[in-house]
Amino acid sequence: MLLVPCPNCGPRNAADMRYVGESGPRPDPNTATPAQWRDYLYTERNPAGLLRETWYCRSGCRTFFVVERDTTNNQFVHGPTRVTKLGGKA
Amino acid sequence: MSDRAGSEPAFESSVLRAYAPGSSNALTLSDESALAKTIVRAEAGSPASASLAVSFGSSRREGATLVLGQRPDEYMLIGSAQSNASIVARLDTSGHVSVIDHTHSRALFRLTGAQASATLEKVCSLDWSNAMTPDGAVVSASIAKVNCDIARNDREPVDAEPASASPSYLIACDRSFGQYLFDALIDAGGEFGIGVVTAADGLQE
Ligand SMILES: [Zn+2]
């Protein structure tokens, strides 16, 4: 079982969460090219190592938050930090 | 449908299956869905949030209403319709505040007894010990795969002796899952001799 640290609820079973995906800056929709937008929506780096990612506390507090996870051992190393602005990957 | 305008539709619970009344006092389940439920969304720091005066994860009693801090920016009032209405009437709704009556959209059950925590632990991944979820605690979690808001609301103070403890939980879920969750709790509590009792009239004192 993966225990995901929610900033409000504390550690919760990953089954109580929704995995949103890798976090990164959202391009400006007014100036981004289609290629940049597609890259933002669909391309993931999928590193073996530290990954900044967004989770949604689906069954708990309904908050989006960002954590950093080491994908080689599933340890959460940084975070969680709240996502205050919705509408995209943080 | 001429009577729709201006009149409140009669309340109908989502739990329709009949269970024989239980003989065990150790663990009971009742359908409290008829209690009024009002959900207030108010961002932290707003006047409405301040006047509801309950932090995320806790609850307090005001008159015939239990006020739950069920999200960082959301509150549920459970109680009599008049009592909920009087709290709402005093709210300063300036800023981002919404008040919605969820009486007909949420099912509400009360699970009570020394084995209530053990029953929840079979169908929910949270820690239901006194240390983690004392009387007054409010949590949201998946129970038997249904997203629920749960408030611990003991009938009487639970003393240090686990043998005499009788924790009581109010469990709210979407109306459409009501019958399923009721059945799932009956199933989970079967080994502890769970029995269905009729709803108390209002909240426990
Ligand atoms: Zn949470």
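Our structure is the block above this text.
These figures come from a predicted structure and were not determined experimentally.

Would you take a moment to explain the overall build of chain B for this structure?
The secondary structure content of chain B amounts to four helices and eleven strands. Per-residue burial for chain B yields a buried fraction of 48% across its 205 residues. Considering only intrachain contacts with a sequence separation of at least 6, the fraction spanning at least 24 residues in chain B is 66%. Working note: accessible area of chain B is about 9700 Å², and carbon and sulfur atoms make up 54% of it.

Got a minute to help me understand the pattern of salt bridges in this structure?
Two side chains with opposite charge may pair up if their charged atoms get near one another. Throughout the structure, instances matching the rule amount to twelve salt bridges over all chains. Between A:Asp16 and A:Arg12 there is a salt bridge; the shortest N-O distance is 3.3 Å. Taken individually, A:Asp16 and A:Arg12 each receive the classification buried, so the pair is uniform in this respect. Here B:Glu62 makes a salt bridge to B:Arg90, at a shortest N to O gap of 2.3 Å.

Would you explain the interface of chain B and chain A in this entry?
The figure often quoted for interface size is the accessible area lost as the parts come together. Taken together, the contact between chain B and chain A spans eleven residues of the former and eleven residues of the latter. Summing both sides of the interface, chain B and chain A together bury roughly 800 Å²; the carbon and sulfur share of this comes to 48%. Looking at the side of chain B facing chain A, the largest losses of area belong to B:Phe56, B:Arg71 and B:Asn147, adding up to 44% of the total buried there. One can count zero salt bridges joining chain B with chain A. The interface formed by chain B and chain A includes three residue pairs in polar contact (both at pLDDT 80 or more). Mapped onto the side of chain B that touches chain A, the elements with two or more residues apiece are strand E8 (138-143) and strand E9 (146-152) of chain B. Tallied by class, the residues present in the side of chain B that touches chain A amount to five nonpolar, four polar and two charged.

What counts and what doesn't
- Residues numbered from 1 in each chain as written.
- Chains lettered and ligands numbered in written order.
- Predicted model: local features only at pLDDT ≥ 70, side-chain atom pairs only at ≥ 80, totals over all residues.
- Heavy atoms only, no water.
- Helix = DSSP H or I, 4+ residues; strand = E, 2+ residues; numbered from the N terminus.
- Buried < 20%, exposed > 50% of the residue type's maximum accessible area, 1.4 Å probe, protein only.
- Contact = heavy atoms within 4.5 Å.
- Areas by Shrake-Rupley, 256 points an atom, 1.4 Å probe, with all protein chains shown as cover.
- Salt bridge = Lys/Arg side-chain N within 4 Å of Asp/Glu carboxyl O.
- Buried area = accessible area lost by both parts, 1.4 Å probe.
- Polar contact = N/O pair within 3.5 Å; in protein donor to acceptor, adjacent residues only side chain to side chain.
- Nonpolar A, V, L, I, M, F, W, Y, C, P; charged D, E, K, R; others polar.

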